[in-house]
Protein chains: 2
Amino acid sequence: MGSLPEIRSEGTLIKPLDPEEFRKQGHLVIDFLADYYKNVDKYPVRSQVEPGYLKTRLPDSAPTNPEPIEEILRDVQKDIVPGLTHWQSPNYFAYFPSSGSIAGFLGEMLSTGFNVVGFNWMSSPAATELESIVMDWLGKMLQLPSEFLFSGGGGGVLQGTTCEAILCTMVAARDQMLRKIGRENINKLVVYGSDQTHSALQKAAQIAGINPDNFRAVSTSRDTAFGLTAEALRAQIESDVESGLVPLFLCATIGTTSSTAVDPLTPLCAVAKELGIWVHVDAAYAGSACICPEYRHFLDGVENADSFSFNAHKWFLTTLDCCCLWVKNPSALVKALSTYPEYLRNKASDTKQVIDYKDWQITLSRRFRSLKLWLVLRSYGVANLRKFLRSHIKMAKNFQGLIGTDKRFEVVVPRNFATVCFRISPIEIGGNQQMNVSKEEATNNVNAKLLEIINESGKIYMTHAVVGGVYVMRFAVGASLTENRHVNLAWNIVQEHANALLNTL
Amino acid sequence: MGSLPEIRSEGTLIKPLDPEEFRKQGHLVIDFLADYYKNVDKYPVRSQVEPGYLKTRLPDSAPTNPEPIEEILRDVQKDIVPGLTHWQSPNYFAYFPSSGSIAGFLGEMLSTGFNVVGFNWMSSPAATELESIVMDWLGKMLQLPSEFLFSGGGGGVLQGTTCEAILCTMVAARDQMLRKIGRENINKLVVYGSDQTHSALQKAAQIAGINPDNFRAVSTSRDTAFGLTAEALRAQIESDVESGLVPLFLCATIGTTSSTAVDPLTPLCAVAKELGIWVHVDAAYAGSACICPEYRHFLDGVENADSFSFNAHKWFLTTLDCCCLWVKNPSALVKALSTYPEYLRNKASDTKQVIDYKDWQITLSRRFRSLKLWLVLRSYGVANLRKFLRSHIKMAKNFQGLIGTDKRFEVVVPRNFATVCFRISPIEIGGNQQMNVSKEEATNNVNAKLLEIINESGKIYMTHAVVGGVYVMRFAVGASLTENRHVNLAWNIVQEHANALLNTL
């Protein structure tokens, strides 16, 4: 290989954690971000760049020599910010929110600053213990039955996202079942959701090796506001059992992605429990609202489920990523996900008196996420958090009211939380281009067109869904900077673009 | 539910992203962390708390009312810091490093501050495009064959950890194989590693639904410095094929966890390729060093592998988590991991001209991790990064030299990188308590005892491994604050405790 002295002599010895340099550069970036929040409402909400824009702006390879932070921040402003879709903009109403907050940000800073790898208790006891404590706090705020709390024999864990929560619980359920019926029957296992269930369920089933033929997206309809009915589930299960298949796992949703529909937990769990199906409750979006007593009824029946999760990074101010998962039977998780190689052996783990969270999740290494949750809960307090969530719901109600003032529009499904699904109502549309499509298709096309021109304007950003064949615009309130005036403005923008569009038809 | 007016009236409406409050509190936490780095060498490296310590210090439930950040930071100092194992201490030599840096920290701040959810291109084009660009930069630094780069038809993606990288590639390999041989043969698939391979492989196989009977940890020995030999692999594969099984996946390691052993890629790939086995190269720890030309030879043969990954959060200054994965055939990943529900449909994805990274990983939501990597590469430059990695290797060489000056100790396996595996050499030990154990067992016990008293001292922290039945202490240099003086001090501490211990025997 040779000693390559000409390369070895290059470069200076960096001090990557010099405290005073850290202080200086850290303050610079805090100011950069404070200014970003001050101006975020001025950017087009949905990025307006074209595919490949960044390749033309950046060099082909990494620099040999260091560049100063001031120059890098100028490039962030110049090259990165235009390529952002501004999820923190007060005019962001797309998908579901990704709710940032000062407390969540500070928690993330502390976690990144300590930079501990909390795979087991010993590797940083505070990381494990704070997580267990805060998950019990949060479980109590949600009035989860005590079987889900550590204090009642269950327990909570922070995952990155719902995809991981579903995958981990499905693997736990799968292995529990295979221990009973034999591994040779893996291709008989069936996973259930509705046609409204998040794609995370299908993806988890793919990863866990469930036969793709055995993934059931049971139909829902407008009659039940796109909630999964116990009758439909039972019919599907009975047909599967008759075919010699083995029902394994049901994912019920509180607040579906398309229309925030709610699956009725009590009757669904009753059906599932007859056959020993593991029930996971995915409240990724709507779980946050359930800390308000007047919304808690949406979780009624969770006491019969096996696991429950919600994303604190969606609508609970913790910043991405932070998914809260509780299980009644941690040992099922641990049996499926545990490994204990020699190089991780330690006295504390050997006693089995401590939690090693590596055995509750997919990865070994894990970040100290509970700091974020702890800071959010302490910085705001439960009363303010409830009030904040209610303010979003009130804004959504306001938007719904505004829709009601304009006969051209309709709300398509009942609003449960802070998301409104609406559209331009079916209309007769003239012109050649519409001659070969049905009225419903034409209406869908008009709504899709309207949404696109609204989003192209950059003034607000919404996304769409199709429920029961109906194309709807989704107006999801929840960005941390959104105030009622932004909602009123958004409605004006919708109307203006509708005026322009409908005039051209 | 009723309107619960007495609850509704509680709380004030918070402003979770007020820019000036963000600025004020952000500066406070930067100063808190700068002071932490200034004092981190004064804390016991391994936390000295007892299980359950935190429960006695924190309340049973979340506060109703907000608490000021100053009070929260006082509690972080008082209650959390004592429960940390200080991975950023210059006296941290345990496991592998979790290397923090100013640039990595600032990148994480920007990512958290923007808080975009980059599941597809449209959701924030900059997040996708910067990742592709930086992965090509890094691939070139590692001299990966062009087939692994976007510019050559392959591509790179940032995962959280190696566990995810292995799981994703295994699922891609599994589905590719099942499409050929039929899903009914899933229980015949066999996964290969060595007895030194990281537990991530076994865990990935468990999650992916591989029959646990078909997980092969092929034996290694001291003769080959615990590298997996092509002969041993071939013998195992031939025996499996004879039994009607189907070889699927091989994980070869560059720098094993126990002793930084290196599996020889060229002969291993030759064996694997005969049978169409997917070869993943896990260079989680040692990949970083391979940006230095004089260490690149450890990757020779990677051109015949299917995928390659290393953890930039281990020894490449990006803070947890940041695992870099490259694949030659992205479409195999995408086929296994893709979902495309209506609510995510968009024009850009429909054109298939953009990358939607959600289809390259387990989860849908993903953080803007490439900012960290970009900031590290630009802030330090390639020349300084090489020099920095070499400085750690030089410190490890120094430690090895110090061991050589003390006849009571020995280096157990050849040092490849910046980790030294050593022990007190086998000795005759008197005393009743040793009468019923072999010399080798007694030596292991003495070394375990020595490691425990060293770690209890809090002055340095090392961890152990057992290779070929030999208990070794692992001295892993790589914490960002470590200088040669800390290594010299560490050796003094080892000697002092050895003096004390050996005197009692």
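Residues numbered from 1 in each chain as written. Chains lettered and ligands numbered in written order. Predicted model: local features only at pLDDT ≥ 70, side-chain atom pairs only at ≥ 80, totals over all residues. Heavy atoms only, no water.

Draft legend 1. Representation of the interface of chain A and chain B within the structure. Taken together, the contact pairs 169 residues of chain A with 169 residues of chain B. Buried surface at the junction of chain A and chain B, summed over both partners, amounts to about 15600 Å²; 67% is from carbon and sulfur atoms. Broken down residue by residue, the surface that chain A buries against chain B is led by L17, Y343 and R378 of chain A, which jointly contribute 6%. Seen at the junction of chain A and chain B, the total is 15 salt bridges. In this structure, R378 of chain B engages D75 of chain A in a salt bridge whose closest nitrogen and oxygen atoms are separated by 2.7 Å. Applying the counting criterion to the chain A and chain B interface returns 69 residue pairs in polar contact (both at pLDDT 80 or more). Counted by class, the side of chain A that touches chain B contains 81 nonpolar, 48 polar and 40 charged residues. (Contact = heavy atoms within 4.5 Å. Buried area = accessible area lost by both parts, 1.4 Å probe. Salt bridge = Lys/Arg side-chain N within 4 Å of Asp/Glu carboxyl O. Polar contact = N/O pair within 3.5 Å; in protein donor to acceptor, adjacent residues only side chain to side chain. Nonpolar A, V, L, I, M, F, W, Y, C, P; charged D, E, K, R; others polar.)

Draft legend 2. How the structure looks around the relation of the copies chain A and chain B. Of the transformation superimposing chain A on chain B, the axial component is 0.0 Å and the angular component is 180°, with the fit at an RMSD of 0.0 Å. Taken together, the rotation and translation relating the two chain copies correspond to the operation of a two-fold axis. With an isologous cut-off of 70% or more, the 100% of interface residues of chain A that recur at the interface of chain B puts this contact in the isologous class. (Least-squares fit on C-alpha atoms with pLDDT ≥ 70 in both.)

Draft legend 3. Inspection of the environment of T319 of chain A at higher detail. Here T319 of chain A shows up in the loop between helix 10 (312-315) and strand 7 (323-327). Of the residues examined, T319 of chain A reaches a relative accessible area of 1% and is grouped as buried. Every residue in contact with T319 of chain A, bar those within four places of it in the chain, is listed here: S99, G100, S101, G104, F105, E108, H313 and K372 of chain A together with T112 and N115 of chain B. (Helix = DSSP H or I, 4+ residues; strand = E, 2+ residues; numbered from the N terminus. Buried < 20%, exposed > 50% of the residue type's maximum accessible area, 1.4 Å probe, protein only.)

Draft legend 4. Molecular detail of the pairing of strand 3 (residues 215-218) of chain B. Residue and element names in this part refer to chain B. Residues R216 and V218 of strand 3 are buried on one face, while the alternating residues F215 and A217, pointing to the opposite face, are not. Looking at chain direction, strand 2 (residues 189-194) and strand 3 are connected through four bridges and run parallel. By the bridge assignment, G193 is partnered in strand 3 with A217. At this point the chain moves from strand 2, through helix 7 (residues 199-207), to the parallel strand 3, and the crossover so formed is right-handed. (Pairing = 2+ DSSP bridges. Right-handed = clockwise from strand over helix to strand, strands pointing away.)

Draft legend 5. Representation of the UniProt feature "modified residue: N6-(pyridoxal phosphate)lysine" (unreviewed entry) in chain A in the model. All names here are of chain A. The feature "modified residue: N6-(pyridoxal phosphate)lysine" (unreviewed entry), as annotated in UniProt, sits at K314 in this numbering. Within the secondary structure, K314 is located in helix 10. Residue class for K314 comes out buried when judged on its relative accessible area of 16%. For K314, the contacting residues outside a window of four places in its chain are F96, P97, S98, S99, A284 and Y285. (UniProt positions renumbered as here; feature names shortened; annotations may be inferred.)

Draft legend 6. Structural view of helix 4 (residues 102-114) of chain B. All names here are of chain B. Over its 13 residues, helix 4 runs 18 Å from end to end, which matches the ideal 18 Å to within 8%, given 1.5 Å per residue. Extensive coverage of helix 4 is indicated by the burial of 13 of its 13 residues. Where helix 4 ends, the next residue or the one after it, N115, has phi of about 50°, a positive value. (Expected span 1.5 Å × (residues − 1).)

Draft legend 7. Geometry of the sheet that holds strand 8 (residues 409-411) of chain A. Residues and elements named next belong to chain A. Ordered by their spatial adjacency, four strands build an open sheet running 8-9-11-10, and the pairing between neighbours is antiparallel. Whereas interior strands pair on both sides, the edge strands pair on one side only; in this sheet they are strand 8 and strand 10 (463-467). The mean inter-strand angle of the sheet, taken between neighbouring strand axes irrespective of direction, is 40°. Its contacts with the sheet place helix 14 (residues 439-457) against strand 8, strand 9 (419-424), strand 10 and strand 11 (470-476), and it is angled at close to 30° to strand 11. (Axes fitted to C-alpha atoms, helices over the stretch in contact; angles between N-to-C directions.)

Draft legend 8. Structural view of empty space enclosed by the protein. Enumeration according to the criterion identifies 10 cavities of 30 Å³ or more in this entry. Looking at the largest cavity, its volume works out to about 380 Å³. What lines the largest cavity is a set of 30 residues, among which L364 and S365 of chain A together with F96, H198 and K314 of chain B lie closest to the centre. Taken together, the elements giving at least two residues each to the lining of the largest cavity come down to helix 6 (162-181) and helix 10 (312-315) of chain B. Looking at the lining of the largest cavity, its residues break down into 16 nonpolar, 11 polar and three charged. In this model, the second largest cavity occupies a volume close to 320 Å³. (1 Å grid on protein atoms, 1.4 Å probe; cavity = no way out; pocket = protein on both sides within 12 Å on 5 of 7 lines; lining within 4 Å. Points joined across faces, edges and corners; volume = space filled by probe spheres on them.)

Draft legend 9. Layout of the environment of K459 of chain B. Residues and elements named next belong to chain B. As for its placement among the helices and strands, K459 is situated in the loop between helix 14 (439-457) and strand 10 (463-467). Among the residues examined, K459 registers a relative accessible area of 44% and is labelled partly exposed. A sequence separation of 317 residues divides K459 from L142, and the C-alpha atoms of the two residues are 36 Å apart. Residue contacts for K459: discarding those within four places in its chain leaves V45, N91, I454 and I493.

Draft legend 10. Layout of the pairing of strand 11 of chain A. Residues and elements named next belong to chain A. For strand 11, the buried fraction is high: seven of the seven residues fall into the buried class. The alternating pattern of strand 11 places V470, V472, R474 and A476 on one face and Y471, M473 and F475 on the opposite face, and all of these are buried. Pairing analysis gives four bridges linking strand 9 to strand 11, with the strands arranged antiparallel. Opposite C421, over in strand 11, you have R474 as the bridge partner. Bridge count between strand 10 and strand 11: five bridges; the pairing is antiparallel. Of the residues in strand 11, the one forming a bridge with V466 is Y471.

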